[in-house]
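# Analysis of the macromolecular model
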Amino acid sequence: QKEVEQDPGPLSVPEGAIVSLNCTYSNSAFQYFMWYRQYSRKGPELLMYTYSSGNKEDGRFTAQVDKSSKYISLFIRDSQPSDSATYLCFPNTDKLIFGTGTRLQVFP
Amino acid sequence: AAGVIQSPRHLIKEKRETATLKCYPIPRHDTVYWYQQGPGQDPQFLISFYEKMQSDKGSIPDRFSAQQFSDYHSELNMSSLELGDSALYFCASSLRRGRETQYFGPGTRLLVL
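By convention here, each chain's residues receive numbers from 1 onward along its written sequence. Chains and ligands are labelled by the order in which they are written, letters from A for the one and numbers from 1 for the other. At least 70 in pLDDT is required for a residue's local features to be given in this predicted model, at least 80 for side-chain atom pairs to be given and counted, and no such filter applies to totals for whole chains, interfaces and linings, which use all residues. Heavy atoms throughout the structure, all of them, feed into the side-chain values; hydrogens and water do not.

### Concerning the overall build of chain B
A count of helical and extended segments in chain B gives zero helices and eleven strands. Taken over C-alpha atoms, the radius of gyration comes to 13 Å for chain B, in line with the 13 Å a tight globule of 113 residues would show. Dimensions of chain B, computed from the C-alpha atoms along their principal axes, are close to 40 × 25 × 25 Å. The buried label goes to any residue with under 20% of its type's maximum accessible area, the exposed label to any with over 50%, and the partly exposed label to all in between, with areas taken from a 1.4 Å probe on protein chains only. Sorting the 113 residues of chain B into buried and exposed places 48% on the buried side. By the convention used here, residues are in contact when the closest approach between their heavy atoms is within 4.5 Å. Nonlocal contacts in chain B, meaning residues at least 24 apart in sequence, comprise 54% of its contacts between residues at least 6 apart. Here the positive residues are Lys and Arg and the negative ones are Asp and Glu; neither His nor the chain ends is included. A charged residue contributes its charge at one atom only: NZ of Lys, CZ of Arg, CG of Asp or CD of Glu. Chain B carries 13 positive and 12 negative side-chain charges, and their two centres are separated by 2 Å. Segments assigned H or I by DSSP are reported as helices when at least four residues long, segments assigned E as strands when at least two residues long, and all are numbered from the N terminus. Two things to know: the radius of gyration comes from C-alpha atoms, and the globule rule equals 2.2 Å times the number of residues to the power 0.38.

So this is what it looks like as structure tokens:
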């Protein structure tokens with residue numbers, strides 16, 4: 001049973017576009033959320049995590065949590081072809097229940 | 001910064017053989033998780049250990065067993081290998097089980113012929 005629901009994508013955007021990746025959750029007890037990026041045949045890589053209020057920015061990436069609507073977003077500015085990967089969001093639970101994530105393709 | 005180390009990175013076995021995968025967590029991390037990702041599939045949680053004790057169990061076949069040692073490294077033992085066991089096996093580690101983020105290793109790619 002997944003703790004969050006994620007837009008499945010795939011999402012295809014041109015280089016330089018702003019990308020918005022979204023998840024929703026139902027359990028208001030979650031304290032923070034994590035975004036991972038997984039390239040094909042590689043281990044998931046932690047991108048960033050954010051607590052259940054406000055925004056967190058790291059370079060071209062901004063993570064945002066809206067507690068009132070239980071909505072999690074990851075924004076990627078000036079997207080690059082190297083951002084092409086599957087993006088996954090998780091709440092802070094013990095084991096991670098993987099869904100399909102959102103596959104992003106940034107074309108030159 | 002030190003990352004999660006997995007060995008071997010690639011492994012080829014034949015049906016009915018056994019395999020042992022190793023995972024070395026990030027220093028000071030006390031929790032280890034194992035995941036299996038079949039071709040074109042999402043990673044599936046197998047099992048986790050916290051402070052050397054099994055803490056949770058997922059879809060791990062009875063043919064598989066795992067343990068965490070006193071130095072916190074973990075081993076996944078797979079016996080009577082089947083073709084369907086061919087997959088990428090990820091190990092992740094975290095500090096304070098469930099309350100800190102998980103960091104993944106590069107994975108071990110197992111091919112069963």
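### Comments concerning the state of the cysteines
Defined by distance alone, a disulfide is two cysteine sulfur atoms within 2.5 Å. Counting across every chain of the model gives two disulfides over all chains. Here C23 of chain A connects covalently by a disulfide to C89 of chain A, the sulfurs 1.7 Å from one another. Given an S-S torsion of about -110°, the disulfide between C23 of chain A and C89 of chain A has left-handed geometry. Pair noted here: C23 of chain A is in strand β3 (residues 19–25) and C89 of chain A is in strand β9 (residues 85–91), with a separation of 66 residues, a long-range link. By relative accessible area, which is 1% here, C23 of chain A ends up buried. Across the disulfide, C23 of chain B is cross-linked to C91 of chain B (sulfur-sulfur distance 1.7 Å). Between C23 of chain B and C91 of chain B, the S-S torsion sits near -55°, and that sign places the bridge as left-handed. One end of the pair, C23 of chain B, is in strand β3 (residues 19–24); the other, C91 of chain B, is in strand β9 (residues 87–94), and 68 residues separate them in sequence. The exposure class assigned to C23 of chain B is buried, which follows from its relative accessible area of 0%.

### What to know about the confidence of the model for chain A
When pLDDT is low, close inspection of the predicted coordinates is not appropriate. pLDDT expresses how confident the predictor is about each individual residue, on a scale running from 0 to 100. Looking at chain A, pLDDT values average 88 and 97% of them are 70 or higher. Mean pLDDT in chain A bottoms out at strand β1 (residues 4–6) of chain A, which sits at 84, and peaks at strand β2 (residues 11–14) of chain A, which reaches 96.

### Comments concerning the layout of surface pockets
Whether a set of points on the 1 Å grid over the protein atoms alone is a cavity depends on a 1.4 Å probe fitting there but being unable to get out, while an open set qualifies as a pocket with protein on both sides within 12 Å along at least five of seven lines; lining residues are those with an atom within 4 Å of a point. Grid points are joined across faces, edges and corners, and a volume is the space filled by probe spheres set on the points. Counted as a void, the largest pocket has a volume near 660 Å³. Every residue lining the largest pocket is counted, 28 residues in all, and those nearest its centre are S40 and R103 of chain A together with Q37, G40 and Q41 of chain B. Contributions of two or more residues to the lining of the largest pocket are made by β9 and β10 (102–107) of chain A together with β9 and β11 (108–112) of chain B. Put simply, the second largest pocket is a space of about 170 Å³.

### Re the packing of aromatic side chains
A pair of Phe, Tyr and Trp rings is counted when the ring centres sit within 6.5 Å of each other, with Trp represented by its six-membered ring. The angle between the planes then sorts it: under 30 degrees is stacked, over 60 is edge-to-face, the rest tilted. Under the counting rule described, the total for this entry stands at eleven aromatic pairs over all chains. Within the aromatic cluster, the residues linked to one another by ring pairs are Y36 and F90 of chain A together with Y35, F45, F90 and F104 of chain B. The positively charged end of K56 of chain A is found above the aromatic ring belonging to Y49 of chain A, 4.1 Å away from the centroid. Charge-over-ring placement is defined geometrically: NZ (Lys) or CZ (Arg) within 6 Å of the ring centre, and within 35 degrees of the ring normal.

### Digging into the side chain of S84 of chain A
Residue and element names in this part refer to chain A. Note that S84 resides in the loop between β8 (71–76) and β9. A distance of 2.9 Å separates a polar side-chain atom of S84 from the backbone nitrogen of V106. Leave out the neighbours within four places in its chain, and S84 touches Y39, L104, Q105 and V106. Counting of polar contacts relies on pairs of N or O atoms within 3.5 Å, with two restrictions inside protein: one atom must be capable of donating a hydrogen and the other of accepting it, and residues adjacent in sequence are counted only when both atoms are side-chain atoms.

### Considering the side chain of Q6 of chain B
Residues and elements named next belong to chain B. Topologically, Q6 is positioned in strand β1 (residues 5–7). Only 2.9 Å separates the side chain of Q6 from the backbone oxygen of Y89, close enough to count as a polar contact. Beyond its immediate sequence surroundings of up to four residues, Q6 is in contact with K22, W34, Y89, F90, C91, G105, P106, G107 and T108.

### Re the sheet that holds strand β6 (residues 54–58) of chain A
Hydrogen bonds along the backbone pair up the strands of a sheet, which may run parallel or antiparallel. Residues and elements named next belong to chain A. Here, a strand pair is defined by DSSP locating no fewer than two bridges between the strands. Strand order in this open sheet of five strands is β1-β3-β8-β7-β6, and the pairing throughout is antiparallel. Two strands in the sheet have a free side with no partner beyond their single neighbour: β1 and β6. Looking at each pair of strands side by side, their axes are set apart by 20° on average, direction ignored. The axes are straight lines fitted to the C-alpha atoms, using for helices just the contacting stretch, and the angles between their N-to-C directions are given from 0 to 180°.

### Section: the pairing of β6 of chain A
Two elements, β6 of chain A and strand β7 (residues 61–66) of chain A, share five bridges in a ladder whose sense is antiparallel. In the sheet register, E57 of chain A faces β7 of chain A, and the bridge partner there is T62 of chain A.

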